[in-house]
Protein chains: 2
Amino acid sequence: MSQQAVNGVSHRGKVLTLDSMNPNVKRVEYAVRGPIVQRAVQIEKELKEGVKKPFTEVIKANIGDAHAMGQKPITFLRQVLALCSYPELLEDNMFPEDAKKRARRILESCGGHSIGAYSASQGIECIRQDVARYIERRDGGIPSSPDNIYLSTGASDAIVTMLKLLVCGEGRSRTGVMISIPQYPLYSAALADLGAVQISYYLDEDKCWSLDVAELRRALNAARQHCNPRVLCIINPGNPTGQVQSRQCIEDVIRFAKEEHLFLMADEVYQDNVYAEGCKFHSFKKVLFEMGPEYSSTVEMASFHSTSKCYMGECGFRGGYMEVINMDPEVKAQLTKLVSVRLCPPVPGQALLDLVVNPPQPDEPSYTTFMKERTAVLAALAEKARLTEETFNTVPGITCNPVQGAMYTFPRITLPQKAIDKAKEEGQVPDMYYCMRLLEEEGICLVPGSGFGQREGTFHFRLVH
Amino acid sequence: MSQQAVNGVSHRGKVLTLDSMNPNVKRVEYAVRGPIVQRAVQIEKELKEGVKKPFTEVIKANIGDAHAMGQKPITFLRQVLALCSYPELLEDNMFPEDAKKRARRILESCGGHSIGAYSASQGIECIRQDVARYIERRDGGIPSSPDNIYLSTGASDAIVTMLKLLVCGEGRSRTGVMISIPQYPLYSAALADLGAVQISYYLDEDKCWSLDVAELRRALNAARQHCNPRVLCIINPGNPTGQVQSRQCIEDVIRFAKEEHLFLMADEVYQDNVYAEGCKFHSFKKVLFEMGPEYSSTVEMASFHSTSKCYMGECGFRGGYMEVINMDPEVKAQLTKLVSVRLCPPVPGQALLDLVVNPPQPDEPSYTTFMKERTAVLAALAEKARLTEETFNTVPGITCNPVQGAMYTFPRITLPQKAIDKAKEEGQVPDMYYCMRLLEEEGICLVPGSGFGQREGTFHFRLVH
């Protein structure tokens, strides 16, 4: 039923219907909070109402939400946030001096000394300075400028903003964006919303989900037939696949981006979540600069970080930042204008980010507790990664790559033909069918591999540690 | 220079340039944080560096940012936020019992009892329940369902999301959105970004910026020639114009929306900021329901509120909500899916909103202080409104309507022909030229009327109280 038809009839229907709404929004899919999670919430309500099930609670392993899974907040972070929220506490003796010092510094940089004031749209200046210094330390002294830092409402916000800047053209000139398969579905959702063309490149499951430049090239050449590829998105450490890219691989990717004239987007929100021996996080920026001025002065890049993962797991605060490199100054002015329309990222999230990039130092009173808590969280995540991998690999029909980093396992499942047929009968993708059965029978909520993308004929699920 | 040209040359330019970026983003304008504010920030830096100016500090009256203007946060709100941030404080005797009770309730509704967990994408359920009950109290018992409440990252976020759902079609079928002139520039910015058609209707400055349905009809009929008008946006109390709509006017608007098959968007973020005698805030929802089932069961509407204005002024927390009425259930499912991609609004902002809709009650220990602080803030805002209006009307060349509500004055200025000519010489809009001079010479930062829109040949500025 077309909109005209709706408008034409004498007893008119609704203004806004499935037929007359934004078609791009209809194409958006986001499995991490999709039908399976909605069913899980329903089951939780049924359990509360006394409905009998083969289990007493739903285990939600669908989303990387550390605190919801029982991880405790880091004391220092929360002390400073409480001080910023209610500065009368600065007079109290219960808080350590370094927490008070951080809170005072943040408050002094806020309008009217209140985190209730709007900040600059790009983020509070002294926090952007701290972020820049953090990046410099991380990357062995490669310079970072606060002018290139944009604080954001979680990493998702910055990723979508960056994609929005990049999308243009119609038909065969429409912007194409390369994303990995499997991918984190924010990317496919944002591309659908923006009406951009998704270019899928496959990670190699047989080689521990590694990325191969030959596959990038195959995907790019195929895409050139129907769109204008301009952007290459990388998630490292990988979500949902948990691989950690080698330095060599990153170098190859950067070389490819330069050769093919692509804008690089490096999603590095799991940069502190690296567990496997012999694996190390290398930032794209560091590798870029180590490749010399031919690369470091030309390749355009944005890199993303967040307060939601790593040892903090403070998802609810929606803190994050991006660093832009080699961005055209006129485009940067447009970016600054664009983010100003939403006024500013949440200031408590900005304050939290400041603590993450400027944690207690060895000579400060909170250092020992902070390090103890941080180490314990990261050790627990590493142990869970090891345990999950080990356990899955003992289960017939499940095979699982080593989990090198991030917070997920993405095992492959072999489904019996009977199950595949049954799923088809019910009009469901087989791995969705599998996950739905697991939820109904065992109370375990996972996201099927089809929500992230996978090679045709293979089935997976994502489990959060 | 086309993108092809950039790509074609042997020494390639940047991937992302002004010529090859999203053209919709280039069309976005947001004067509230535009060039004049950027210059103000520069001047502040110059003052810090010791540059001599005819003033010692910049007075920023460009944005409704109460705390930055010296307004103190409400004690109760901040106590609960501190308790939520650092629940160890629940053991402390310094906090009143009602603050602790609120904090416990919020924490219990959070995953892992932490505001660091993601919430449901629509917002925490018990907070949506509190919002629904608040709306019912406000509207004299007209029912409100938590299922129709969507918490948001400030009102801006919800407004943009709602517009995004509504935009579709190409060419003459492209969605048209009616907005007032003068308007709050979030609307024009969002429409540019979404590639929707802006339909301007003018408020009547001679009748205290009131809205006339005949003018709505004129604008609508003119627009029907080139687009598909589907949405009518109203800001009440008005921003930047400060008028408060009469009950009769709201009824006329609702009747018009029904007749013309328009989706209503009611921006009611200043609902507690009503000062003028004889003026009262009427919510669009209440009037809609009082008009009987012919209206209350058909007219589709979304209404927006925020924690940034009223007596709270907590802009930095980015809290807000929208209530949708008569929305097609299939569209609502799409809306829920769309907001899930960004995971959730900031949880501290959600907590803050909960306190705003569920404030201390007369039998609770924080009530007296809360009411005293709230009354003092609102009285100060009313006094500033009165004073500004009075003062402006004594200045030759400035005329100013009574400020009935909101937080702004939008006086009209008569510019001497010499100033207009000079502005044209410098390639500036005359009121931008005026505001720039005022900033350079007096250190006062205002937003020119051209940033909000005004009738051709008239000039204004917006001043924040």
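Residues numbered from 1 in each chain as written. Chains lettered and ligands numbered in written order. Predicted model: local features only at pLDDT ≥ 70, side-chain atom pairs only at ≥ 80, totals over all residues. Heavy atoms only, no water.

Labelled according to an unreviewed UniProt entry, chain A appears under the name Alanine aminotransferase 1, originating from Lates calcarifer. The annotation that UniProt attaches to chain A under Pathway (unreviewed entry) is "Amino-acid degradation; L-alanine degradation via transaminase pathway; pyruvate from L-alanine: step 1/1." Per UniProt, the comment on chain A under Cofactor (unreviewed entry) is "pyridoxal 5'-phosphate". (UniProt positions renumbered as here; feature names shortened; annotations may be inferred.)

**With respect to the overall build of chain A**
What chain A contains, in helices and strands, is 17 helices and 14 strands. Compactness check: chain A gives a C-alpha radius of gyration of 23 Å against a globular reference of 23 Å for 465 residues, within 12% of the reference. Across its three principal directions, the C-alpha atoms of chain A cover 65 × 60 × 55 Å. By the burial criterion, 63% of the 465 residues in chain A qualify as buried. For chain A, the share of sequence-separated contacts (at least 6 apart) that also reach a separation of at least 24 residues comes to 69%. Within the structure as shown, chain A displays about 17600 Å² of accessible surface, and the carbon and sulfur contribution to it stands at 51%. (Helix = DSSP H or I, 4+ residues; strand = E, 2+ residues; numbered from the N terminus. Rg over C-alpha atoms; globule rule 2.2 N^0.38 Å. Buried < 20%, exposed > 50% of the residue type's maximum accessible area, 1.4 Å probe, protein only. Contact = heavy atoms within 4.5 Å. Areas by Shrake-Rupley, 256 points an atom, 1.4 Å probe, with all protein chains shown as cover.)

**Notes on the confidence of the model for chain A**
Residue-level pLDDT values for chain A average 93, and 98% of them are 70 or greater. Every residue in residues 1-10 of chain A scores below 50 in pLDDT, and together they form 13 contacts with partners more than four places removed in sequence or on other chains. (pLDDT = per-residue confidence, 0-100.)

**Some details on the sheet that holds strand S6 (residues 263-267) of chain A**
All names here are of chain A. Taking strand neighbours across the sheet as the criterion, the seven strands line up as S2-S8-S7-S6-S5-S3-S4 in an open arrangement whose pairing is mixed. Each edge of the sheet is formed by a strand with only one pairing partner; in this case those strands are strand S2 (149-153) and strand S4 (197-202). Taking each pair of neighbouring strands and ignoring which way they run, the sheet shows an average axis angle of 25°. Sheet contacts for helix H8 (residues 186-194): strand S3 (175-181), S4, strand S5 (228-235) and S6; angle to S3, the most-contacted strand, approximately 160°. (Pairing = 2+ DSSP bridges. Axes fitted to C-alpha atoms, helices over the stretch in contact; angles between N-to-C directions.)

**Overview of the relation of the copies chain A and chain B**
With an axial shift of 0.0 Å and an RMSD of 0.0 Å, the rotation relating chain A to chain B amounts to 180°. The operation mapping one copy onto its partner corresponds to a two-fold rotation axis. Nearest to the rotation axis, the C-alpha of Ala-82 of chain A is located 2.1 Å from it, this being the minimum over chain A. Of all interface residues in chain A, 99% are interface residues in chain B too; the two copies therefore contact each other through one and the same surface. (Least-squares fit on C-alpha atoms with pLDDT ≥ 70 in both.)

**Here we look at the pairing of S2 of chain A**
Residue and element names in this part refer to chain A. Counting buried residues in S2 gives five out of five residues, a clear majority hidden from the surface. Bridge analysis of S2 against strand S8 (residues 319-325) gives five bridges, and the strand direction is antiparallel. By the bridge assignment, Thr-153 is partnered in S8 with Gly-319.

**Some details on the domain arrangement of chain A**
Residues and elements named next belong to chain A. Partitioning chain A into structural domains gives domain 1 (31-63 + 411-464) and domain 2 (108-357). When each unit is reduced to the centre of its C-alpha atoms, the spacing between domain 1 and domain 2 is 30 Å. Contacts between domain 1 and domain 2 engage 10 residues on the former and 11 residues on the latter. Summed over both partners, the interface of domain 1 with domain 2 comes to about 830 Å²; 55% of that surface belongs to carbon and sulfur atoms. The largest share of the area that domain 1 buries against domain 2 comes from Phe-452, Arg-455 and Arg-462, three residues that together contribute 53% of it. Our enumeration of links across domain 1 and domain 2 arrives at one salt bridge. Our count for the contact surface shared by domain 1 and domain 2 stands at three residue pairs in polar contact (both at pLDDT 80 or more). Partitioning the side of domain 1 that touches domain 2 into residue classes produces three nonpolar, four polar and three charged. (Domains from an automatic or database assignment. Buried area = accessible area lost by both parts, 1.4 Å probe. Salt bridge = Lys/Arg side-chain N within 4 Å of Asp/Glu carboxyl O. Polar contact = N/O pair within 3.5 Å; in protein donor to acceptor, adjacent residues only side chain to side chain. Nonpolar A, V, L, I, M, F, W, Y, C, P; charged D, E, K, R; others polar.)

**Remarks on the pattern of salt bridges**
Residues and elements named next belong to chain A. Counted by the stated rule, this structure contains 62 salt bridges over all chains. When the shortest N-O distance is used, the salt bridge between Glu-170 and Arg-174 registers 4.0 Å. Using a relative accessible area of 63% as the deciding quantity, one classes Glu-170 as exposed. Salt bridges sharing common partners tie together Arg-247, Glu-251, Asp-252, Arg-255, Lys-286 and Glu-290.

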